[in-house]
Amino acid sequence: MRMKRQGPIGTRVWYLAINVIILHLLQGSVSEAGCPSNVGTQRPTKQRNGVCYVFYQAAKTWDQARNACHGKGGNLVIIPDRPTQDFLVASLRSLRWPRPGVWIGATDRDEEGQWIWQGTSVRLSYQNWAPNQIRQPPAGRSGSKETESNDREDCAQIRIVDTGRWHDFPCNVSSSYICQFGSVSRPRPRDK
Ligand SMILES: [Ca+2]
């Protein structure tokens, strides 16, 4: 009944408006594929293989950075292989990144010397540590005495000032960071 009273013009206007809204939503979802809308338009974003990487300059501790990523539905960046590493370093260079380093999701806080990707129990397969940054525990042995420095440096950064190699740092220092969103292809646990 209401439709009749509204008349054909009113109906057409509604029809047009709904179509415009649907078109807008479709375009939005295409152009922002992989990147959620809540990351903010001012942030630099890069996309690769369906994963959206968002680069944050704000200096945060590793925990603050991780929580910030989680708060937006993402994670601190996971680097499962060399192409991902190269892509991220190239992205930072193209952005003329003004900070010396960025937090990534690698930590050995739970067990000294056992580096895993945050939120998983998956050990790093690909690694890009600078020389003498971390000390791997001897194979087949545990409980080896770690240096005080290694003990305190449980969180990893890509160091732009060191060709993108990884350094371990105390988790409570402040740094820029990268979150990732979208189809996260978590590295699989290594076969035993
Ligand atoms: Ca450590």
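The shown structure was predicted, so the numbers you read here are calculated from the model rather than taken from an experiment.

Peer 1: Describe in detail the overall build of the protein, supporting the description with residues and values.
Peer 2: Scanning the protein from N- to C-terminus turns up four helices and eight strands. Counted from the first residue to the last, the protein has its helices and strands arranged as α-β-β-α-β-α-β-β-α-β-β-β. Of all 192 residues assigned to the protein, the portion counted as buried reaches 26%.

Peer 1: Go over the nonpolar core with me, naming the residues and quoting the values.
Peer 2: Within the largest apolar cluster, 30 residues are counted, with the highest numbers of intra-cluster contacts made by V77, I104, I178 and C179. Breaking this core down by element, the ones donating at least two residues are β2 (51–60), α2 (62–71), α3 (82–94), β4 (101–107), β6 (155–159) and β8 (175–182). Top contributing element to this core by residue count: β2, with six residues. When residues no more than four places from it in sequence are discounted, the contact partners of I104 are L76, V77, I79, A156, Q157, I158 and I178.

Peer 1: Could you give an account of the pairing of strand β7 (residues 166–169), with specific residues and numbers?
Peer 2: A one-sided burial pattern is seen for β7, the buried positions being W166 and D168 and the unburied ones H167 and F169. Across four bridges, β6 lies against β7 in antiparallel orientation. Residue A156 lies in a different strand from β7, and its bridge partner there is D168. With antiparallel pairing between neighbouring strands as the criterion, β6 and β7 make up a hairpin whose turn holds six residues, including T163 at a positive phi of roughly 55°.

Peer 1: Help me get a handle on the environment of Q157, residues and values and all.
Peer 2: With respect to the helices and strands, the residue Q157 is situated in strand β6. In contact with Q157, not counting residues within four places along its chain, are G101, V102, W103, I104, W166, H167, F169 and S175.

Peer 1: Let's hear about α2: which residues, and what values?
Peer 2: Spacing of three or four residues puts side chains on the same side of an α-helix, whose turn is 3.6 residues. Buried within α2 we find W62, A65, R66 and C69. The buried residues of α2 occupy an angular sector of 100° when the element is viewed end-on, so they sit on one face. Looking at the buried residues of α2, the elements they touch are β2, β3 (75–76), β4, β6 and β8. One or two residues past the end of α2 sits G73, with phi positive at roughly 85°.

Basis of the calculations
- For every chain, the first residue of its written sequence is number 1, and the numbers climb from 1 along that sequence.
- The predicted nature of this model means local features are confined to residues of pLDDT at least 70 and side-chain atom pairs, given and counted, to a pLDDT of 80 or more, with totals for whole chains, interfaces and linings taken over all residues.
- Labels follow the DSSP assignment, with helices taken as runs of H or I lasting at least four residues and strands as runs of E lasting at least two, numbered in each case from the N terminus.
- Exposure classification rests on a simple neighbour count of other C-beta atoms within 10 Å of a residue's own: a residue reaching 20 or more is buried, one at 12 or fewer is exposed, and one in between is partly exposed. C-beta atoms are placed from the backbone.
- Each nonpolar core reported here comprises buried Ala, Val, Leu, Ile, Met, Phe, Trp, Tyr and Cys residues connected via C-beta atoms within 7 Å.
- Residues are treated as contacting if the C-beta atoms built from their backbones sit within 7 Å of each other.
- Strand pairing is assigned whenever DSSP detects at least two bridges linking the two strands.
- Directions from the helix axis toward the C-beta atoms define the arc.

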